[in-house]
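# Geometric and topological summary
Here is how the chains run, residue by residue.
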Amino acid sequence: MNHTGLVELPRITMYAVTDIQYMLQGLSATVVIPSGADLWDTSQVANITYVIAYSRIEEVPAWDLRAVTYAFGAFRDAYGLKRMQAFGLTVSAHMTNGLLSAEALNEVFTNLGTARNGATITITGNPGTATCDRTIATAKGWTVAA
């Protein structure tokens, strides 16, 4: 998906999709992911490996990540990421080297589910890493790595 002319992703219906690994990885243009209850139904998705890694996506809408069992590198080095509204994640994930402010990281922590199996959220390289409220995540059993 390294298409530099793409500015908004189309409506994608994913009611039965369980694996979106690498789907938007490396997207080099700044792209808007449409939001809305009837768009991007991710409630059945179990694998989000590298889904937006190495991309310039600025915002992830309220994806339902409660069914995710594997999220290796899902949001790592998402260089344009300013806001993450996804909710329910319970497994380890990297949200490194983005543009997440302290407020945006606090929103990420608020939207996390209860950590499974000693889950870790890695937030290194974001502007808000030093000043975010990690206790929001640790209260849910998460380890926050910076």
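Located above this text is the structure these notes cover.
These lines cover the structure that appears in this document, whether it is placed above or below. A quick note: this is a predicted structure, and the numbers were derived from the prediction, not measured.

In terms of helices and strands, the protein carries two helices and five strands. When the helices and strands of the protein are placed in sequence order, the string is β-β-β-α-β-α-β. Within the span of the protein, comprising 146 residues, buried residues form 47% of the whole. If you take every contact in the protein between residues at least 6 apart in sequence, the share linking residues at least 24 apart comes to 57%. Accessible surface, the protein as shown: approximately 6,600 Å² in total, 52% of it carbon and sulfur.

Under the counting rule described, the total for this entry stands at two aromatic pairs. Arranged with centres 6.2 Å apart and planes meeting at 20°, the rings of Tyr50 and Tyr54 form a pair that is stacked. Consider the rings of Tyr50 and Phe72, whose centres lie 5.6 Å apart with planes at 80°: the pair is edge-to-face. Note that Tyr50 is positioned in the segment before β1 (59-60) and Phe72 in the loop between β1 and β2 (83-84), a separation of 22 residues in sequence. Assessed through its relative accessible area of 39%, Phe72 is described here as partly exposed. Put simply, the rings of Tyr50, Tyr54 and Phe72 touch in pairs and so form one group of aromatic residues.

Bringing unusual backbone geometry into the picture now. A negative phi angle characterises most non-glycine residues, just as the trans form characterises most peptide bonds. Even without being glycine, Tyr54 reaches a positive phi, approximately 60°. Tracing the backbone through its elements, the reader meets Tyr54 in the segment before β1. Even without a glycine there, the phi angle at Asp77 is positive, about 50°. With respect to the helices and strands, the residue Asp77 is situated in the loop between β1 and β2.

Attention now goes to the sheet that holds strand β3 (residues 93-94). Reading across from one edge, β3-β4-β5 is the order of the three strands in this open sheet, with parallel pairing throughout. Only two strands of the sheet have a single partner each, and these edge strands are β3 and β5 (143-145). With three bridges joining them, strand β4 (residues 120-122) and β5 adopt parallel strand pairing. Within β5, the position partnered with Thr120 by the bridge is Thr143.

Summed over all chains, the structure comprises two salt bridges. A salt bridge links Arg83 to Glu107; the shortest N-O distance between them is 2.9 Å. Of this pair, Arg83 sits in strand β2 while Glu107 is found in helix α1 (residues 102-111), placing the two residues 24 residues apart along the sequence. Given the relative accessible area of 34%, Arg83 is considered partly exposed.

We now examine the nonpolar core. If you look at the biggest cluster of nonpolar residues, it comprises 35 residues, and the most contacted ones within it are Ile48, Ile52, Phe75, Leu89, Phe109 and Ile121. At five residues, α1 tops the list of elements feeding residues into this core. If near-sequence neighbours (up to four positions away) are discounted, Leu89 is found in contact with Ile48, Leu65, Val68, Ala71, Asn111, Leu112, Gly113 and Trp142.

Moving on, we get to the side chain of Asp64. Mapped onto the secondary structure, Asp64 falls in the loop between β1 and β2. Overall, Asp64 belongs to the buried group, its relative accessible area being 12%.

Every α-helix winds through 3.6 residues per turn, so residues three or four apart in the chain are directed the same way. For α1, the set of buried residues is Ala102, Ala104, Leu105, Val108 and Phe109. Axial view of α1: buried residues confined to an arc of 160°, hence all on one face. Summarising the contacts, the buried residues of α1 are in contact with β2, β4, α2 (135-138) and β5.

What counts and how
Every chain is numbered independently, its residues counted from 1 as its sequence is written. It should be noted that, the model being predicted, local features are given only for residues of pLDDT at least 70 and side-chain atom pairs only at 80 or more, the latter also being counted only at that level, while totals for whole chains, interfaces and linings use all residues. Think of the side-chain values as coming from all heavy atoms in the structure, minus any hydrogens and water. Numbering of helices and strands runs from the N terminus; a helix is a DSSP stretch of H or I covering at least four residues, while a strand is a stretch of E covering at least two. Think of it in three bands: residues with accessible area under 20% of the maximum for their type are buried, residues over 50% are exposed, and the middle band is partly exposed, with areas taken using a 1.4 Å probe on protein chains only. Note on contacts: a residue pair qualifies if any of its non-hydrogen atoms lie within 4.5 Å across the two residues. Computed with the Shrake-Rupley method and a 1.4 Å probe, the accessible areas treat only the protein chains shown as cover for residues. Each Phe, Tyr or Trp ring, with Trp reduced to its six-membered ring, pairs with another whose centre is within 6.5 Å; inter-plane angles below 30 degrees give stacked pairs, above 60 give edge-to-face pairs, and intermediate values give tilted ones. Whether two strands pair comes down to DSSP finding at least two bridges between them. A pair is scored as a salt bridge if a Lys or Arg side-chain nitrogen falls within 4 Å of a carboxyl oxygen belonging to Asp or Glu. In these notes, a set of buried Ala, Val, Leu, Ile, Met, Phe, Trp, Tyr and Cys residues joined through side-chain atoms within 4.5 Å is what counts as a nonpolar core. It is the directions from the helix axis to the C-beta atoms whose arc is reported.

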